[in-house]
Amino acid sequence: MKLSFHPHTLELKHVFTVAEMSRSTTPIMLTEIEHEGIVGYGEASMPPYLGESHKTAAEFLSKVDLSKYENPFELETILTDIDTIAPGNCAAKASVDIALHDLVGKLLNKPWYDILGFDKNKTPHISFTIGIDTPEVVRRKVKEGEEYKIIKVKLGKENDKEMIETIRSVTDRPLTADANQGWKDRNYAVEMAHYLKEKDVLYLEQPMPKEDVEGNAYVTEHSPIPTIADEAVQRLADLKNAHGVYSGINIKLMKSTGMREAHKMLLLARALGMKVMIGCMTETSCAISAASQLSPMVDWADLDGNLLIKNDIFSGTKIVDGRLKLSNKPGIGVTKKQRTL
Ligand code: MG
């Protein structure tokens, strides 16, 4: 097997603001793993606040030697070896994991939802994300996302209620909320959770800073809607700390180092009786389609990263009537739109 990688930059349709920052581009690394003429595609998305970059990913990926493995099906061995090359580098690791899964699926001529035994018709509706913005922009974005049945609203600044009221002035679709650790006062967070319940919000993501374990546990105990750990849970081992503190977890391939560990997280969360959502960064349809393979097993999917960019170079899982529609294509179910690299 041979790994190659190419840096690329995604351009967002709109400047995106969440509690901690704003940005209009996202660096990604595209990977390919070739084996006996078959190519698997992967991707690392690296929003700057997570600490990875084109430079760190190139450094990490240049240390990955797949030529020593003869059997691509030894996913557990190969991916465990790669994980031990260096700590961190979760997105770079995910880019190898995704490409390897795509390759293996193609070699089996099966999509991953089939290999994992999931029903492709059980995919959830996806939520369409609206960043923190002025009422005028928020109203325009709600209109833009008209075909989606659920709207995810970013909170955590001083205009929380204004954001909700603005959206409620133009639509009665269900909402989900993500405070991105923006609330520092547990009583305010609980008060907001009750307000959000009244406004038909389905769940609340990362209400308080991840370090404030007691605060988040207090919010979960007093919240009428489920709380979901996002920033507080990166990988499988983090689940033991999230259990009892949050109602559920948000799994993202770029945090979990890819599909294999994401699947393990899904199973463990279920065994612990926790809710599961699957989310994303700003990504092309490559990583989104990989994540969507797991979506028949989750409660909620927030896989809209590819819809928010101008220059997607893959086509894969589509949204039909607001719901993920998995393709019959093998592997992660994508085709490359253009040979730009
Ligand atoms: Mg989040």
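This structure is a prediction, so every number in the text was calculated from the model and none was measured.

A. Highlighting the overall build of the protein. Secondary structure assignment for the protein yields 12 helices and 15 strands. The C-alpha extent of the protein, read off along each of the three principal axes, is 55 × 40 × 40 Å. Scored against the burial criterion, the 341 residues of the protein give a buried share of 58%. For the protein, restricting intrachain contacts to residue pairs at least 6 apart in sequence, the fraction spanning at least 24 positions comes to 69%. Counting every atom, the protein has about 13700 Å² of accessible surface; 50% of that belongs to carbon and sulfur. Measuring between centres, the 43 positive side-chain charges of the protein sit 3 Å from its 48 negative side-chain charges.

B. How the structure looks around the coordination of the magnesium ion. The coordination sphere of the magnesium ion, as far as protein atoms go, consists of Asp-178 (OD), Glu-205 (OE) and Asp-230 (OD), spread over 2.0 to 2.2 Å. Counting residues between consecutive donors of the magnesium ion along the chain gives the motif D-x26-E-x24-D. Within this pair, whereas Asp-178 is found in strand β6 (residues 175–178), its partner Asp-230 is found in the loop between β8 (227–229) and α9 (239–242), the two being separated by 52 residues in sequence. In this pair, the class of Asp-178 matches that of Asp-230, namely buried.

C. Highlighting unusual backbone geometry. Positive phi is not limited to glycine here, since Glu-36 has a value of about 50°. For Glu-36, the position within the fold is in the loop between β2 (22–35) and β3 (38–45). We classify Glu-36 as exposed; its relative accessible area is 68%. The residue Asp-200 is not glycine, and still its phi comes out positive at about 65°. Mapped onto the elements of the fold, Asp-200 is located in the loop between α7 (186–198) and β7 (201–205).

D. Broad picture of the domain arrangement of the protein. Per the domain assignment, the segments of the protein are domain 1 (2–108) and domain 2 (114–336). For the pair domain 1 and domain 2, the interface holds 4 salt bridges. For the salt bridge of Asp-83 with Arg-235, the shortest nitrogen-to-oxygen distance reads 2.9 Å. Run the count over domain 1 and domain 2 and you get 16 residue pairs in polar contact (both at pLDDT 80 or more). Those elements that provide at least two residues to the side of domain 1 that touches domain 2 are β1 (2–17), β2, β3, α2 (75–83) and α3 (90–108). Per-element tally for the side of domain 1 that touches domain 2: the top contributor is α3, with 11 residues.

E. A look at the packing of α7 against helix α8 (residues 213–222). Viewed as axis vectors pointing N to C, α7 and α8 meet at an angle of 30°, and their least axial separation amounts to 9 Å. Between α7 and α8, the interaxial angle falls into the category roughly parallel. The way α7 lies across α8 gives a crossing that is right-handed. Residue-level contacts link Arg-186, Asn-187, Ala-189, Val-190 and His-194 of α7 to Glu-214, Gly-215, Tyr-218, Val-219 and His-222 of α8. Each residue belonging to the contact of α7 with α8 can be placed in one class, and the counts come to 4 nonpolar, 4 polar and 2 charged.

F. Focus on the pairing of β6. By the alternation rule, side chains of β6 split into Leu-175 and Ala-177 and Thr-176 and Asp-178, which are all buried. One ladder, built from 4 bridges, connects strand β5 (residues 150–154) with β6; its direction is parallel. Bridging across to β6, Val-153 finds its partner in Ala-177. Handedness of the β-α-β unit built from β5, helix α6 (residues 160–168) and β6 comes out right-handed. Bridging between β6 and β7 involves 3 bridges; their strand directions are parallel. Bridge pairing in β7 places Ala-177 opposite Leu-204. Between the parallel elements β6 and β7, the chain passes through α7 in a crossover that is right-handed.

G. Molecular detail of the nonpolar core. Within the largest apolar cluster, 100 residues are counted, with the highest numbers of intra-cluster contacts made by Ile-33, Leu-66, Leu-155, Leu-196 and Ile-249. The biggest single contributor to this core is α3, with 9 residues. Inspection of this core shows a minimum of three residues originating in each of domain 1 (2–108) and domain 2 (114–336). The residues contacting Ile-249, other than those within four sequence positions of it, are Ile-228, Ala-229, Val-233, Leu-239, Ala-242, Met-265, Ala-269, Met-274, Lys-275, Val-276 and Met-277.

H. Examining the pattern of salt bridges more closely. The full count for this structure, using the stated rule, is 21 salt bridges. Among the ionic pairs, Lys-199 bridges to Glu-165, the shortest N-O distance being 3.4 Å. In this pair, Lys-199 is assigned in the loop between α7 and β7 and Glu-165 in helix α6, connecting sequence segments 34 residues apart. Note on Glu-165: relative accessible area 37%, which makes it partly exposed. For Asp-299, the salt bridge is made with Arg-270, and the minimal N-O distance between the two is 3.1 Å. Residue Asp-299 is located in the loop between α12 (285–292) and β11 (300–301), and its partner Arg-270 is located in helix α11 (residues 259–271); the two are separated by 29 residues in the primary sequence. Residue classification places Asp-299 among the partly exposed positions, given a relative accessible area of 26%. Each of Lys-152, Lys-154, Asp-178, Glu-205 and Asp-302 takes part in one network of salt bridges that share partners.

Conventions and cut-offs
Residues numbered from 1 in each chain as written. Predicted model: local features only at pLDDT ≥ 70, side-chain atom pairs only at ≥ 80, totals over all residues. Heavy atoms only, no water. Helix = DSSP H or I, 4+ residues; strand = E, 2+ residues; numbered from the N terminus. Buried < 20%, exposed > 50% of the residue type's maximum accessible area, 1.4 Å probe, protein only. Contact = heavy atoms within 4.5 Å. Areas by Shrake-Rupley, 256 points an atom, 1.4 Å probe, with all protein chains shown as cover. Lys, Arg positive; Asp, Glu negative; His and termini not counted. Charge placed at Lys NZ, Arg CZ, Asp CG, Glu CD. Donors = N, O, S within 2.8 Å, 3.2 Å for Na, K, Ca; no water. Domains from an automatic or database assignment. Salt bridge = Lys/Arg side-chain N within 4 Å of Asp/Glu carboxyl O. Polar contact = N/O pair within 3.5 Å; in protein donor to acceptor, adjacent residues only side chain to side chain. Axes fitted to C-alpha atoms, helices over the stretch in contact; angles between N-to-C directions. Parallel < 35°, antiparallel > 145°, perpendicular 65-115°, else oblique. Left-handed = near helix turned anticlockwise from the far one by under 90°. Nonpolar A, V, L, I, M, F, W, Y, C, P; charged D, E, K, R; others polar. Pairing = 2+ DSSP bridges. Right-handed = clockwise from strand over helix to strand, strands pointing away. Core = buried A, V, L, I, M, F, W, Y, C linked by side-chain atoms within 4.5 Å.

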